[in-house]
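# Coordinates in review
What follows is the residue order along each chain.
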Amino acid sequence: MIKVGKLMNKERGHATVAFARSWKKFPPLKHVAIVWQTKAMILTYSSSFITHLLALPPASTSTSTGAVSSSLLHRSPQGSFGSILRYKLRSYCSAPVNRGEFMASNIKVVQNPDSISYLNQREAAEVDEILMGPLGFSVDQLMELAGLSVATAIAEVYNVKDYNRVLAICGPGNNGGDGLVVARHLYHFGYKPFVCYPKRTAKPLYTGLVTQLESLGIPFLSVDDLPMNLSEDFNILVDAMFGFSFHGTPRPPFDDLIKRLVNLQSCNEVNKKPSVIASIDIPSGWHVEQGDTSGDGIKPDMLVSLTAPKQCAKSFSGSHHFLGGRFVPRSIVDKFKLELPSYPGSSMCVRIGKAPQVDISSMRENYISPEFNEDEVDPDPFIQFQKWFDDAMAAGLKEPNAMALSTAGKDGKPSSRMVLLKGFDKDGFIWYTNYGSRKAKDLSENCYASVLFYWDGLNRQVRIEGCVAKVSEEESQHYFHSRPTGSQIGAIASKQSTVIPGRDFIHQQYKDLEAKFCDGASIPKPNYWGGYRLKPEFFEFWQGQTSRLHDRLCYFPEQANGTNIWKIKRLAP
Ligand SMILES: NC(=O)C1=CN([C@@H]2O[C@H](COP(=O)(O)OP(=O)(O)OC[C@H]3O[C@@H](n4cnc5c(N)ncnc54)[C@H](O)[C@@H]3O)[C@@H](O)[C@H]2O)[C@@H](O)CC1
Ligand SMILES: [K+]
């Protein structure tokens, strides 16, 4: 018997909030009610219906509410039910159930800063009241999310190596609270934060935030402790003095602190690497609606607007304007007719407007890595590769199996593309492709190829060179049938590297094939699709180091006493 509670875990992220509220009220299994906001949509699953669905072979299920595509049905019983449920929810609900879909469909997505919404001071306060009133949020919650989004925006723009020392200047209200939260998150991201918090609030929320920072050993500095030229000591100055409740002109000691941030600009002109100002929600001292009315206020490099930008943000002229506070519910969006950029993926922040142009010639990374020496490298390059691959996996790098494959046909003209490694062992490194593609043509004329893995974040790359041969038909068959149905159909739909009339053409091919194979029968592997195996004749393991003095340890095959061995040699960087 399947418990609804178990399904909840599987289906987190798909209407589970409403589901969670509802399922406890109903006896397990007999009925499940899905309520989306005010529209009630009742889906009834009887236990016999579920059992029936689970018993069916993965390919053949259809229900009174429409066909369930075979790709939605997985092998495990819970997976099967979960997938069916997700399908049902999507097809039934008029309001999308996925938060990404919600953002995309309900907020008009605008990236142009001229067409996004800007709140006035009254509206900003009203949003605050609604969030913390009828919508049931607490100030701690919003502050935590706001602070996290500001910290992620800062980390996205100012890397921890070059901008390590951070001073958060915190004011007496919630903007100051955001600054305390930012300092904590930046500490956990690897920065070295300091906090200046001259007007403390005795409320438990704030004393708690201070205790959290103190327990991490984050120093609190008084205004007197700070140098007049803040650039001398800090790389990033987080301006968390005032937010949308600011009125009039700043009172001491914030008047002096704001002056130091203003004077920073002129100090920066003589400094090689200027410190930057990141303002939370409002550049402190600016009028919430009219901006820097006197013209001599602070000029932040970065502004992270929270919830929605306030009107003063229209006159922000720094390089980096972000939006944070990814908690705005639909009712607020509708009520205030908000037009905001959509957050990418699971990001806590989104850039407003274009990223500034960069001078490509000045882009360089000073790699800081542990030394990579002969005495620690494995004599067997395959084992060494496995070790580094495991490190890339453990570091959470995206697609560590992505590799640039370079080939050249008989004309000697090389071409490169990214492919995915699908396995390796002593016999070589395997990937799959279309045997009619350009790489396949190249390899049929010249078996020599090179693959390159680049693992950013670990400052590592691995080059492997050798001769390539097709894998056995059995291996290709086995792998082809292990792929998701969509990928199998995609492989058949695309006559890779041939010229096609347009995007619609390939989509139509795909749809036709999808219809053809909708009965769930096994999809035959086309004979023009299969695998290749590169048998290495050379490996290079590269570890980036400071000042371009990189480690390059290479493996060359040699004969010793009639046996093949790998000889390790170091190359100049
Ligand atoms: N509503 C929202 O959506 C959220 C708001 N948050 C933050 O909360 C901020 C608003 O917080 P608050 O309403 O507490 O207000 P602020 O943090 O803007 O500042 C209010 C404090 O500043 C003082 N103050 C005002 N004018 C002054 C002046 N001229 N000289 C000296 N002191 C002055 C007030 O006495 C009060 O203590 C936002 O800007 C944002 O940073 C976030 O924490 C969470 C989400
Ligand atoms: K601020």
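Residues numbered from 1 in each chain as written. Chains lettered and ligands numbered in written order. Predicted model: local features only at pLDDT ≥ 70, side-chain atom pairs only at ≥ 80, totals over all residues. Heavy atoms only, no water.

## A look at the overall build of the protein chain
- Across its full length, the protein chain holds 16 helices and 20 strands.
- Every one of the 573 residues in the protein chain was classed for burial, and the buried ones make up 45%.
- Considering only contacts in the protein chain between residues 6 or more positions apart, those separated by 24 or more positions represent 67%.
- When the accessible surface of the protein chain is totalled, it reaches about 29,200 Å², and 54% of it is carbon and sulfur. (Helix = DSSP H or I, 4+ residues; strand = E, 2+ residues; numbered from the N terminus. Buried < 20%, exposed > 50% of the residue type's maximum accessible area, 1.4 Å probe, protein only. Contact = heavy atoms within 4.5 Å. Areas by Shrake-Rupley, 256 points an atom, 1.4 Å probe, with all protein chains shown as cover.)

## Examining the coordination of the potassium ion (ligand 2)
- Donor atoms from the polypeptide that bind the potassium ion (ligand 2) are Asn 175 (OD1), Asp 239 (O), Phe 242 (O), Ile 280 (O), Ile 282 (O) and Ser 284 (OG), placed at 2.6 to 3.0 Å.
- Read from N- to C-terminus, the donor residues coordinating the potassium ion (ligand 2) fall into the pattern N-x63-D-x2-F-x37-I-x1-I-x1-S. Of this pair, Asn 175 sits in helix H8 (residues 174–188) while Ile 282 is found in the loop between strand E8 (276–280) and strand E9 (302–306), placing the two residues 107 residues apart along the sequence. You'll find Asn 175 and Ile 282 in the same group, each marked buried. (Donors = N, O, S within 2.8 Å, 3.2 Å for Na, K, Ca; no water.)

## Digging into the environment of Met 143
- With respect to the element layout, Met 143 can be found in helix H7 (residues 139–157).
- Spatially, the C-alpha atom of Met 143 lies 7.5 Å from that of Asn 174, the residues being 31 residues apart in sequence.
- Among all residues touching Met 143, those that are not within four sequence positions of it are Asn 174, Gly 177, Asp 178, Val 181, Leu 205, Tyr 206 and Leu 209.

## A look at the site of ligand 1
- Neighbouring residues of ligand 1: 23 residues in total, closest Asp 128, Asp 178, Gly 243, Ser 245 and Asp 281.
- In this structure, Thr 249 approaches ligand 1 through a main-chain N or O atom, which is 2.9 Å from a nitrogen atom.
- Relative to its unbound accessible area of 870 Å², ligand 1 is 85% covered by the protein chains.
- Of all the secondary structure elements, the ones that give two or more residues to the shell around ligand 1 are helix H6 (121–132), H7 and H8.
- When its residues are assigned to classes, the shell around ligand 1 shows eleven nonpolar, eight polar and four charged. (Near = heavy atom within 4 Å. Polar contact = N/O pair within 3.5 Å; in protein donor to acceptor, adjacent residues only side chain to side chain. Nonpolar A, V, L, I, M, F, W, Y, C, P; charged D, E, K, R; others polar.)

## Here we look at a nonpolar patch on the surface
- On the surface, Val 358, Ile 360 and Met 363 cluster together into a nonpolar patch covering about 340 Å² of accessible area.
- Residue placement: Ile 360 occurs in the loop between strand E11 (349–352) and helix H12 (381–394).
- You can call Ile 360 exposed: its relative accessible area is 65%. (Patch = residues over 30% accessible without salt bridge, like charges linked within 9 Å, V, L, I, M, F, W, Y side chains within 5 Å. Salt bridge = Lys/Arg side-chain N within 4 Å of Asp/Glu carboxyl O.)

## Quick look at the pattern of salt bridges
- Enumeration over the complete set of coordinates arrives at 19 salt bridges.
- The shortest N-O distance in the salt bridge between Arg 184 and Glu 144 comes to 2.9 Å. Separated by 40 residues along the polypeptide, Arg 184 in helix H8 and Glu 144 in helix H7 bring together distant segments of the chain.
- Here Arg 184 falls in the buried class, since its relative accessible area comes to 13%.
- Here Glu 465 and Arg 463 are joined by a salt bridge, their closest N and O atoms 3.7 Å apart.
- By relative accessible area, Arg 463 is classed as partly exposed at 30%.
- Beyond isolated ion pairs, a larger network of salt bridges with shared partners links Arg 463, Glu 465, Glu 540 and Arg 552.

## With respect to the packing of aromatic side chains
- On inspection of all chains with the given rule, the structure shows 30 aromatic pairs.
- Residues Tyr 367 and Trp 542 carry aromatic rings whose centres are separated by 5.6 Å and whose planes lie at 85 degrees to one another, so their mutual orientation is edge-to-face. Here Trp 542 lies in strand E18 (residues 529–543) and Tyr 367 lies in the loop between E11 and H12, a separation of 175 residues in the sequence. Here the two residues Tyr 367 and Trp 542 agree in accessibility, since each one is buried.
- Arranged with centres 5.2 Å apart and planes meeting at 65 degrees, the rings of Phe 480 and Trp 529 form a pair that is edge-to-face. In this pair, Phe 480 is assigned in helix H14 (residues 473–482) and Trp 529 in strand E18, connecting sequence segments 49 residues apart.
- Classification of Phe 480 by relative accessible area gives buried; the value is 0%. (Phe/Tyr/Trp six-rings, centres within 6.5 Å; stacked < 30°, edge-to-face > 60°.)

## Here's the deal with the state of the cysteines
- Enumeration according to the criterion identifies one disulfide in this entry.
- A sulfur-sulfur separation of 1.9 Å characterises the disulfide bridge that pairs Cys 447 with Cys 467. Where Cys 447 bonds to Cys 467 through sulfur, the torsion about that S-S bond is close to -115 degrees, and the disulfide is left-handed. With a gap of 20 residues between them, Cys 447 in the loop between helix H13 (438–445) and strand E16 (448–455) and Cys 467 in strand E17 (residues 460–470) connect regions that are remote in the sequence.
- You can see Cys 170 has no disulfide; the closest cysteine sulfur is in Cys 196, sitting 8.0 Å from it. (Disulfide = S-S within 2.5 Å.)

## Examining the sheet that holds E8
- Strand order in this open sheet of seven strands is E6-E5-E7-E8-E9-E10-E11, and the pairing throughout is mixed. Each having just a single partner strand, strand E6 (192–196) and E11 make up the two edges of the open sheet. The sheet shows a mean angle of 20 degrees between the axes of neighbouring strands, direction not considered.
- Its contacts with the sheet place H7 against strand E7 (236–240), E8, E9, strand E10 (320–324) and E11, and it is angled at close to 155 degrees to E9.
- In the packing of H8 onto the sheet, contacts are made with strand E5 (165–170), E6, E7, E8 and E9, and the angle to E5 comes to roughly 160 degrees. (Pairing = 2+ DSSP bridges. Axes fitted to C-alpha atoms, helices over the stretch in contact; angles between N-to-C directions.)

## Brief notes about unusual backbone geometry
- Omega for the peptide link from Pro 252 to Pro 253 comes to 0 degrees, which places this bond in the cis form.
- Turning to its location among the elements, Pro 253 is positioned in the loop between E7 and helix H10 (254–270).
- Phi at Glu 399 is positive, roughly 45 degrees, even though this residue is not glycine.
- Here Glu 399 is to be found in the loop between H12 and strand E12 (402–408).
- With a phi angle near 55 degrees, Asn 459 is a residue other than glycine that sits in the positive phi range.
- Summarising the element assignment, Asn 459 is placed in the loop between E16 and E17.

## Structural notes on the pairing of E12
- With respect to burial, E12 is a largely interior element, six of its seven residues being buried.
- As paired elements, E12 and strand E13 (residues 414–420) share seven bridges and run antiparallel to each other. Bridge pairing in E13 places Ala 402 opposite Leu 420.
- Remark: five residues form the turn of the hairpin made by E12 and E13, two consecutive strands paired antiparallel; Gly 412 in that turn has positive phi of roughly 75 degrees.

## So, H6
- With twelve residues, H6 extends 17 Å between its outermost C-alpha atoms, agreeing within 8% with the 16 Å of an ideal straight helix rising 1.5 Å per residue.
- Among the residues making up H6, those that are buried are Gln 121, Ala 124, Val 127, Ile 130 and Leu 131.
- The N-cap of H6, judged by a side-chain oxygen 3.1 Å from the amide nitrogen of Arg 122 a few residues on, is Asn 120. (Expected span 1.5 Å × (residues − 1).)

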